[in-house]
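Spelled out from the first residue to the last, the chains are:
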Amino acid sequence: MSLFCCDGGGPCAQSSRMRVETNGPAPIVPDSSGRVSTPLPMLQDWDKLGAREKEVVQEKLESIVNAFARELTRGKVFMKLGRNGRLFYRLCTLDKQLTAFSMHIKGAIVEYPFSHMQHISFGYDLTDFTHVPVSLPSDALAAVIVMDNRRMNLVFSSPMERDEFVTCMLVLKERHRRNNS
């Protein structure tokens, strides 16, 4: 933060408004998605929860997944790691029936049905890469969707965004499996 006004003439008259209080707690930046973020209990604590607590956790998870699905139905840009090791920005969507994840690639829409997804997990899977990248973003920012014959590596801006993506996609995949059994 600059202590001078735009004209460079000295301390800004508005600098007191811009100053951060150092004697209190750190300011909290509101979530731009408009969602209230109450942390869920750790999964290893699931057995220790009572019936009502489990119900509350399940309701919270459902609301997170439903908000994720609404957001992704409208479309969201993710970074995809290409097999050549380069990162590409791709517009991704879910269909309205929540049966497929789609990616816009070079003007075409490529659909990845949940029924063809073998698993969704954290980290990279570089098995079918033509070139091993010299450097990659942290493994903590990556997720992979493994389909019948290919892997799609995605890179996120934060571990929390990656965790939400993987969790919600796993829930949507399971919903799809249950509805089609």
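These numbers come from a predicted model, not from an experiment.

1. Focus: the packing of helix α2 (residues 51-74) against helix α3 (residues 159-179)
- Two numbers describe how α2 lies on α3: the axes approach to 10 Å, and their chain directions differ by 95°. Between α2 and α3, the crossing angle belongs to the class labelled roughly perpendicular. Residues L61, E62, I64, V65, N66 and F68 of α2 touch α3, and the partners they reach there are E164, F165, T167, C168, M169, V171, L172 and R175.
- When grouped by side-chain class, the residues that make up the contact of α2 with α3 number nine nonpolar, two polar and three charged.

2. Quick word on the pattern of salt bridges
- According to the stated counting rule, one finds eight salt bridges in the structure shown.
- A salt bridge links E62 to R175; the nearest nitrogen and oxygen atoms lie 2.6 Å apart. Note that E62 is positioned in helix α2 and R175 in helix α3, a separation of 113 residues in sequence.
- Taking relative accessible area as the criterion, E62 reaches 34% and is therefore assigned partly exposed.
- Note that D163 is salt-bridged to R162, the shortest N-O span being 2.9 Å.
- With relative accessibility at 32%, the residue D163 sits in the partly exposed group.
- A single network of salt bridges, built from pairs that share partners, joins E71, K76 and E161.

3. Some details on the confidence of the model for the chain
- Taken over all residues, the pLDDT of the chain has a mean of 80, while the share at 70 or more is 76%.
- Taken together, the stretch residues 1-34 has pLDDT below 50 and engages in 12 contacts with residues farther than four places along the chain or on a different chain.

4. Observations concerning the environment of F101
- Within the element layout of this structure, F101 appears in strand β3 (residues 100-105).
- Measuring from C-alpha to C-alpha, the distance between F101 and P113 comes to 6.1 Å, with 12 residues separating the pair along the chain.

5. Notes on the packing of aromatic side chains
- All told, the structure shown has five aromatic pairs when counted by the stated rule.
- Ring centres 6.0 Å apart and planes at 70° place the aromatic pair F68 and F165 in the edge-to-face group. You can see F68 sitting in helix α2 and its partner F165 sitting in helix α3, a full 97 residues away along the chain. As far as the burial class goes, F68 and F165 line up, both buried.
- Look at F101 and F165: their rings are 5.9 Å apart centre to centre, the planes differ by 75°, and that puts the pair in the edge-to-face class. Of this pair, F101 sits in strand β3 while F165 sits in helix α3, and the two are 64 residues apart along the sequence. Across this residue pair, the class does not change: F101 and F165 are buried.
- Chaining the aromatic ring pairs together yields one cluster made of F68, F78, F101, F156 and F165.

6. Notes on α2
- Given a rise of 1.5 Å per residue, 24 residues ought to cover 34 Å, and the 35 Å separating the end C-alpha atoms of α2 matches this to within 8%.
- Taken residue by residue, α2 has V57, K60, V65, A67, F68, A69 and L72 as its buried positions.
- Turning to α2, the residues buried within the fold contact β1 (76-81), β2 (87-94), β3 and α3.
- Just past α2, the residue G75 takes up positive phi, approximately 115°.

7. Describing the side chain of H176
- With respect to the secondary-structure elements, H176 resides in helix α3.
- Once residues lying within four places of it in the same chain are set aside, the contact partners of H176 are L98, T99, F114 and S115.

8. Some points on the side chain of D95
- Structurally, the position occupied by D95 is in the loop between β2 and β3.
- Buried and unpaired, D95 has no salt bridge, with K96 as the nearest side chain of opposite charge at 9.6 Å.
- Within the structure, the side chain of D95 is placed 2.4 Å from the side chain of T99, a separation counted as a polar contact.
- If we skip the residues at most four places from it in the chain, D95 touches T73 and A100.

Conventions adopted
- Residues numbered from 1 in each chain as written.
- Predicted model: local features only at pLDDT ≥ 70, side-chain atom pairs only at ≥ 80, totals over all residues.
- Heavy atoms only, no water.
- Axes fitted to C-alpha atoms, helices over the stretch in contact; angles between N-to-C directions.
- Helix = DSSP H or I, 4+ residues; strand = E, 2+ residues; numbered from the N terminus.
- Parallel < 35°, antiparallel > 145°, perpendicular 65-115°, else oblique.
- Contact = heavy atoms within 4.5 Å.
- Nonpolar A, V, L, I, M, F, W, Y, C, P; charged D, E, K, R; others polar.
- Salt bridge = Lys/Arg side-chain N within 4 Å of Asp/Glu carboxyl O.
- Buried < 20%, exposed > 50% of the residue type's maximum accessible area, 1.4 Å probe, protein only.
- pLDDT = per-residue confidence, 0-100.
- Phe/Tyr/Trp six-rings, centres within 6.5 Å; stacked < 30°, edge-to-face > 60°.
- Expected span 1.5 Å × (residues − 1).
- Lys, Arg positive; Asp, Glu negative; His and termini not counted.
- Polar contact = N/O pair within 3.5 Å; in protein donor to acceptor, adjacent residues only side chain to side chain.

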